[in-house]
Amino acid sequence: MKKEGEEPFKKKKEGDEKKGWSEIRLAVEELSLVKHEKVVSTLVFLSVSNLLLQVLDKIGPTMAVLRQDIQRNIERLQELYVSDPSRYSSLAEILKKEVSEGTARKAESHARAMLWLTRSMDFSIAVLERLEKNSELSLVQVVEDAYKDTLKPWHGWISSAAYKIALKLIPERKIFISLLMGKGQDYNMMKADIQNLVPLLQPLLNESHALLIKFGLDRLKST
């Protein structure tokens, strides 16, 4: 027989346990509960974007420009979602609305917010994958390689110049790794979390890219 107060205590205990988790492990937990379908949930997309934003924060103030852009894009999408959760429950509906209105390509559109959040997630995952697979690479090299493969093709000269300045201020690899690890984690546990995260996140990214291609928004660049 269940005693009074037993269930609330259990939930509190589970919540307390997650307090020490790294952002990577929290993202794994979030995505492991998602049933992958062709419809990309706006809420899941925003939740994972927020967690990966916190991963970028660990690199420090060097990523301030990128971080501010990501934060603004998250807030922009979040405001739209909150205004009518049932209508904007999927990213497809948001894109469909703006394309039909002719506003999708505008600088402050929600479509552009989704586009740059998707690219930022590509960058974050590229950083984590290289960190996990190449133990000899410095963090500067990891970030530089990830940037060239994900964000650089879409950045204009202003964004590229800001990145070059940021690259000179990136901390040492071991400092970044220590900040990434959750409470009670070691390096091997962190590597395992990254290995778990990538296959869970990839379907979400694939569907996001497919949507952007479908609506002809995948080739947009920044200044």
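The structure displayed is predicted, hence computed values, not measured ones. (Residues numbered from 1 in each chain as written. Predicted model: local features only at pLDDT ≥ 70, side-chain atom pairs only at ≥ 80, totals over all residues. Heavy atoms only, no water.)

1. Brief notes about the packing of aromatic side chains
Argument step 1. A complete count under the given rule lists one aromatic pair for this structure.
Argument step 2. Ring centres 3.6 Å apart and planes at 10° place the aromatic pair Y147 and Y163 in the stacked group. In this pair, Y147 is assigned in helix 7 (residues 139-150) and Y163 in helix 8 (residues 157-167), connecting sequence segments 16 residues apart. For the residue pair Y147 and Y163, the accessibility class agrees, reading buried in each case.
Argument step 3. One Lys or Arg, R119, reaches over the ring of W116 and ends 4.6 Å from the middle of that ring. (Phe/Tyr/Trp six-rings, centres within 6.5 Å; stacked < 30°, edge-to-face > 60°. Helix = DSSP H or I, 4+ residues; strand = E, 2+ residues; numbered from the N terminus. Buried < 20%, exposed > 50% of the residue type's maximum accessible area, 1.4 Å probe, protein only. Lys NZ or Arg CZ within 6 Å of the ring centre and 35° of its normal.)

2. Some points on the side chain of S22
Argument step 1. Following the sequence through the fold, S22 ends up in the loop between helix 1 (6-18) and helix 2 (23-32).
Argument step 2. With a relative accessible area of 4%, S22 lands in the buried category.
Argument step 3. At 3.1 Å, the side chain of S22 and the backbone nitrogen of R25 are in polar contact.
Argument step 4. In contact with S22, other than residues within four places in its own chain, are L180, M181, G182, Q185 and D193. (Polar contact = N/O pair within 3.5 Å; in protein donor to acceptor, adjacent residues only side chain to side chain. Contact = heavy atoms within 4.5 Å.)

3. Observations regarding the environment of V44
Argument step 1. Summarising the element assignment, V44 is placed in helix 3 (residues 42-57).
Argument step 2. We classify V44 as buried; its relative accessible area is 13%.
Argument step 3. Each C-alpha atom of the pair V44 and E30 lies 7.9 Å from the other, and the pair is 14 residues apart in sequence.
Argument step 4. Not counting residues up to four positions away in its chain, the partners in contact with V44 are L31 and V34.

4. Examining the pattern of salt bridges
Two side chains carrying opposite charge are able to pair once their charged atoms lie near each other.
Argument step 1. Here the structure, examined in full by the defined rule, presents nine salt bridges.
Argument step 2. Here R67 ties to D57 by a salt bridge, and the two come within 2.5 Å at their closest N and O atoms. Linking R67 in helix 4 (residues 64-83) with D57 in helix 3, this pair joins segments that are ten residues apart in sequence.
Argument step 3. Overall, R67 belongs to the partly exposed group, its relative accessible area being 28%.
Argument step 4. Relative accessible area serves as the criterion here: at 32%, D57 is assigned to the partly exposed category.
Argument step 5. In this structure, K133 engages E129 in a salt bridge whose closest nitrogen and oxygen atoms are separated by 3.8 Å. (Salt bridge = Lys/Arg side-chain N within 4 Å of Asp/Glu carboxyl O.)

5. A closer look at the confidence of the model for the protein chain
Argument step 1. This prediction gives the protein chain a mean pLDDT of 87; 90% of its residues lie at or above 70.
Argument step 2. The spread of mean pLDDT over the elements of the protein chain runs between helix 1, the lowest at 48, and helix 5 (residues 91-101), the highest at 96.
Argument step 3. Contacts for the low-pLDDT stretch residues 1-14, under 50 throughout, to residues beyond four places or in other chains number one contact. (pLDDT = per-residue confidence, 0-100.)

6. Examining the packing of helix 4 against helix 6 (residues 110-133)
Argument step 1. At a minimum axis distance of 9 Å, the contact between helix 4 and helix 6 shows a crossing angle of 135°. When the axis of helix 4 is compared with that of helix 6, the two are oblique. In this structure, the crossing between helix 4 and helix 6 has a hand that is left-handed. Contact with helix 4, carried on its side by L66, I70, N73, I74, R76, L77 and L80, involves H110, A113, M114, W116, L117, S120 and F123 of helix 6 and no other residues of that element. (Axes fitted to C-alpha atoms, helices over the stretch in contact; angles between N-to-C directions. Parallel < 35°, antiparallel > 145°, perpendicular 65-115°, else oblique. Left-handed = near helix turned anticlockwise from the far one by under 90°.)

7. Section: helix 5
Argument step 1. Within the sequence span of helix 5, burial applies to L91, I94, L95, K97 and E98. The buried residues of helix 5 occupy an angular sector of 160° when the element is viewed end-on, so they sit on one face.
Argument step 2. On its buried face, helix 5 is in contact with helix 3, helix 4, helix 6 and helix 10 (187-214). (Arc of directions from axis to C-beta.)

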